[in-house]
Number of protein chains: 6
Amino acid sequence: MYTIAVKDHFMIAHSLQGEVFGPAQKLHGATYNVTAEFRTERLSQDGIVIDIGLALNALKAVLALLNYKNLDEEEAFRGVNTTTEYLAHYIHGQLAKRVRASFQGTLKITLEESHVAWGSYEGTVT
Amino acid sequence: MYTIAVKDHFMIAHSLQGEVFGPAQKLHGATYNVTAEFRTERLSQDGIVIDIGLALNALKAVLALLNYKNLDEEEAFRGVNTTTEYLAHYIHGQLAKRVRASFQGTLKITLEESHVAWGSYEGTVT
Amino acid sequence: MYTIAVKDHFMIAHSLQGEVFGPAQKLHGATYNVTAEFRTERLSQDGIVIDIGLALNALKAVLALLNYKNLDEEEAFRGVNTTTEYLAHYIHGQLAKRVRASFQGTLKITLEESHVAWGSYEGTVT
Amino acid sequence: MYTIAVKDHFMIAHSLQGEVFGPAQKLHGATYNVTAEFRTERLSQDGIVIDIGLALNALKAVLALLNYKNLDEEEAFRGVNTTTEYLAHYIHGQLAKRVRASFQGTLKITLEESHVAWGSYEGTVT
Amino acid sequence: MYTIAVKDHFMIAHSLQGEVFGPAQKLHGATYNVTAEFRTERLSQDGIVIDIGLALNALKAVLALLNYKNLDEEEAFRGVNTTTEYLAHYIHGQLAKRVRASFQGTLKITLEESHVAWGSYEGTVT
Amino acid sequence: MYTIAVKDHFMIAHSLQGEVFGPAQKLHGATYNVTAEFRTERLSQDGIVIDIGLALNALKAVLALLNYKNLDEEEAFRGVNTTTEYLAHYIHGQLAKRVRASFQGTLKITLEESHVAWGSYEGTVT
């Protein structure tokens, strides 16, 4: 089993609905350091899992959908809680669409929201 | 598959029995940076794996059982080698008890003992 | 010259006025990992620069003034650009007030805003 | 499931063949921070996965095969692309040979090639 | 005293002349994680030390002079030992030229060459 | 101004006398990640601040005086509080003796005792 991972980051504002979120129910923000891990059983003819440049560019294109935005006002997130878990899942779906032509396997998206907490979503790309 | 992870640390003294431990057979100590990863297939109605605040508090409560202690003199560890692996397993058991009411899934405990070595234990919480 | 440093973090929403800020002129947010460094020429009678527990608590109290807030709506920041530099200076002033009784020397506040950028302010506490 | 991990690093020069590698087709170099993770279901009688000292020494012996070399001129790599994925697989094979007498289980080798990209190979040691 | 810092990285091949360099006398390579710190006594009217975007772009332009190259074959480095110290000084000079129009103060360049060693050069930009 | 830094770590047990230390008055332990920074105005004829190999070996020799020990029982520390600040100063003195023949300048020793606290001592080597 081989893995290649690339990293980038984005910064957003948002608020979370539900008592469980305590002070995070108020509008606040976060920097998320994002890691995208691509996993496959076999390498391509070039001896790679995925072209790192392609992976970095695809990730940057996905994060541009979120970066410097107030998620509470984005149509795409109307009525949903943009938790770390949700955002990891959203980025997974968007990135899967963009890399599908050159990658099939498992994709794991991890979002570090601070030095004491992070979250991730993992699923297949087919 | 979703994961949420939280981090904290504790500091202890101990010694290890067995030739394999070399100089660590003498009483010495360590700072352990601890990561607890909670993994589930589905999110709760609030859109989360586990409440991060609850997870951080439960982890802090468990680490208070160990922090600033000489493990060689603790009743709970009489006759056992408090290796990194053992301590990861011990913290797993204690944390599982405390979060069971609000989390079922896989729990992985990782202890970084220095910048060149770490250990972990992973098991289910039911 | 001795230094003791402690770390914590906070999460806020804000926007920045001025063309130089590009997309950061829109309401967005950030997680800031904060390090407070205390520097003195001599140690106290206990052999320390400052009590680490006291330093961590004072820093936590200061960060509670900012954490989970939209800085654009805070009275304290009306008419100012809450850049990383400004926030480092603000935290310096607030922390200096709280530790002055037990610390005189140089205090440096560093805010990591992402894995590729950070800022700091350094000044004396008398 | 228990894991023990150890870290070291090595520095090499090499070039990569194939258009997909862009500027990396020219002779350049890299520092790789390497993590070796050993995973088993059960601990030994000493309460460990593997002796950390033995693991660090075995890893150091394997990295000495690569460290401070121009891989383009090494017989062992004639005709292959020494990608991060390939090197992770190569180190896995070499390390497996050296630890087999005292470890059976899963071995994962991760190579960090920069602060924005890393790769790994995972397989069993029997 | 205010500081703003930005980070990037580059990968090169080179060899070092002199017995003191031991195995590094052979052609090998390295990834350098680079931090550029800009320090001034006063903020600009926008409340900043330097525009982070401008700083990141200027650093990227300087690192492009080095990235993916064999320094032993570059005209610019003929007859010099491209040690970490030398490269930090070289990057300082190149970056100073590019930011001089919008920054006066102290500039410190740090190159992490592995997880156990780093070097830096610090000087004024006027 | 040039700097070269090297890193290593050590693990000890100790206790601290004085109410200010709270629970750390009990015998406990710590892993300290240590960084030694060497700073000079001019490079040697080889183009370096100090030979990194020599620096790493000298640091390792100094840390061997502390590693895997209970400092409460060491003659060298009788009657002193082995705080992070004190240990940084002690390591500075021991390392200065060992590198004096090949280095004059400023030496800074930093001890990370956890992911939220570190301390350092800085002084000249003549």
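What counts and what doesn't
Residues numbered from 1 in each chain as written. Chains lettered and ligands numbered in written order. Predicted model: local features only at pLDDT ≥ 70, side-chain atom pairs only at ≥ 80, totals over all residues. Heavy atoms only, no water. Least-squares fit on C-alpha atoms with pLDDT ≥ 70 in both. Contact = heavy atoms within 4.5 Å. Buried area = accessible area lost by both parts, 1.4 Å probe. Salt bridge = Lys/Arg side-chain N within 4 Å of Asp/Glu carboxyl O. Helix = DSSP H or I, 4+ residues; strand = E, 2+ residues; numbered from the N terminus. Buried < 20%, exposed > 50% of the residue type's maximum accessible area, 1.4 Å probe, protein only. Axes fitted to C-alpha atoms, helices over the stretch in contact; angles between N-to-C directions. Parallel < 35°, antiparallel > 145°, perpendicular 65-115°, else oblique. Left-handed = near helix turned anticlockwise from the far one by under 90°.

Visitor: I'd like a description of the relation of the copies chain B and chain F, backed by residues and values.
Guide: Both copies of the chain are related through a single rotation about an axis accompanied by a shift along the same axis. With an axial shift of 0.0 Å and an RMSD of 0.0 Å, the rotation relating chain B to chain F amounts to 180 degrees. Viewed as a symmetry operation, the transformation between the two copies matches a two-fold axis. Both copies contact each other with a shared surface, as 100% of the interface residues of chain B are interface residues in chain F too.

Visitor: Got a sec to walk through the interface of chain F and chain C? Specific residues and values, please.
Guide: Taken together, the contacts link 15 residues of chain F with 18 residues of chain C. Taking both sides of the interface into account, the surface hidden between chain F and chain C amounts to around 1,400 Å²; carbon and sulfur atoms contribute 55%. Broken down residue by residue, the surface that chain F buries against chain C is led by F:V20, F:E85 and F:W118, which jointly contribute 44%. Counting across the chain F and chain C interface gives zero salt bridges.

Visitor: Provide a residue-level description of the interface of chain B and chain F, including the pertinent values.
Guide: Taken together, the 21 residues of chain B in the interface contact 22 residues of chain F. Taken over both partners, the interface formed by chain B and chain F buries close to 1,800 Å², and the fraction arising from carbon and sulfur atoms is 64%. Joining chain B to chain F, the criterion identifies zero salt bridges. Elements supplying a minimum of two residues to the side of chain B that touches chain F: β1 (2-14), β2 (28-40), β3 (69-70) and β4 (105-114) of chain B.

Visitor: Could you give an account of the relation of the copies chain F and chain C, naming the residues involved and the relevant values?
Guide: For the pair chain F and chain C, the superposition axis carries a translation of 0.0 Å, the fit reaches an RMSD of 0.0 Å, and the rotation angle comes to 120 degrees. Both chain copies can therefore be described as sitting about a three-fold axis. Taking C-alpha positions as the reference, the residue of chain F nearest the rotation axis is F:H115, at 9.4 Å.

Visitor: An account of the side chain of F:E37 is needed here, citing residue identities and associated values.
Guide: When you line up the elements, F:E37 lands in strand β2 (residues 28-40). With a relative accessible area of 10%, F:E37 lands in the buried category. Once residues lying within four places of it in the same chain are set aside, the contact partners of F:E37 are E:W118, F:T3, F:I4, F:A5, F:T106, F:L107, F:K108 and F:T110.

Visitor: Lay out the pattern of salt bridges with the relevant residues and their values.
Guide: Note on pairing: side chains with opposite charge can pair once their charged atoms come close. Tallied over the entire structure, the rule returns 24 salt bridges over all chains. The salt bridge involving D:K60 is made with D:D8; its shortest N-O contact spans 3.3 Å. Separated by 52 residues along the polypeptide, D:K60 in helix α1 (residues 52-63) and D:D8 in strand β1 (residues 2-14) bring together distant segments of the chain. Residues D:E37 and D:R39 are paired through a salt bridge, measuring 3.3 Å at the closest nitrogen-oxygen approach. Here the salt bridges share partners, and the residues they tie into one network are A:E37, A:R39 and A:E122.

Visitor: Give me the environment of A:G53: which residues, what numbers.
Guide: Relative to the helices and strands, A:G53 is located in helix α1 (residues 52-63). Given a relative accessible area of 33%, A:G53 falls into the partly exposed group.

Visitor: Can you explain the arrangement of the chains? Please cite residues and give values.
Guide: You won't find any contact between chain B and chain C; their C-alpha atoms come no closer than 12 Å. Without any contact between them, chain D and chain F keep their closest C-alpha atoms 12 Å apart.

Visitor: Can you lay out the packing of helix α1 (residues 52-63) of chain F against helix α2 (residues 84-99) of chain F for me, pointing to particular residues and giving the numbers?
Guide: All names here are of chain F. The geometry of α1 relative to α2 is characterised by a closest axis approach of 9 Å and an angle of 135 degrees between their N-to-C directions. Judged on the interaxial angle alone, α2 and α1 are oblique. α2 is crossed by α1, and the crossing has right-handed handedness. For the pair α1 and α2, the contacting residues are L54, A58, L59, A61, V62 and L63 in the first and I91, Q94, L95, R98 and V99 in the second.

Nothing here speaks to function; it is all geometry.
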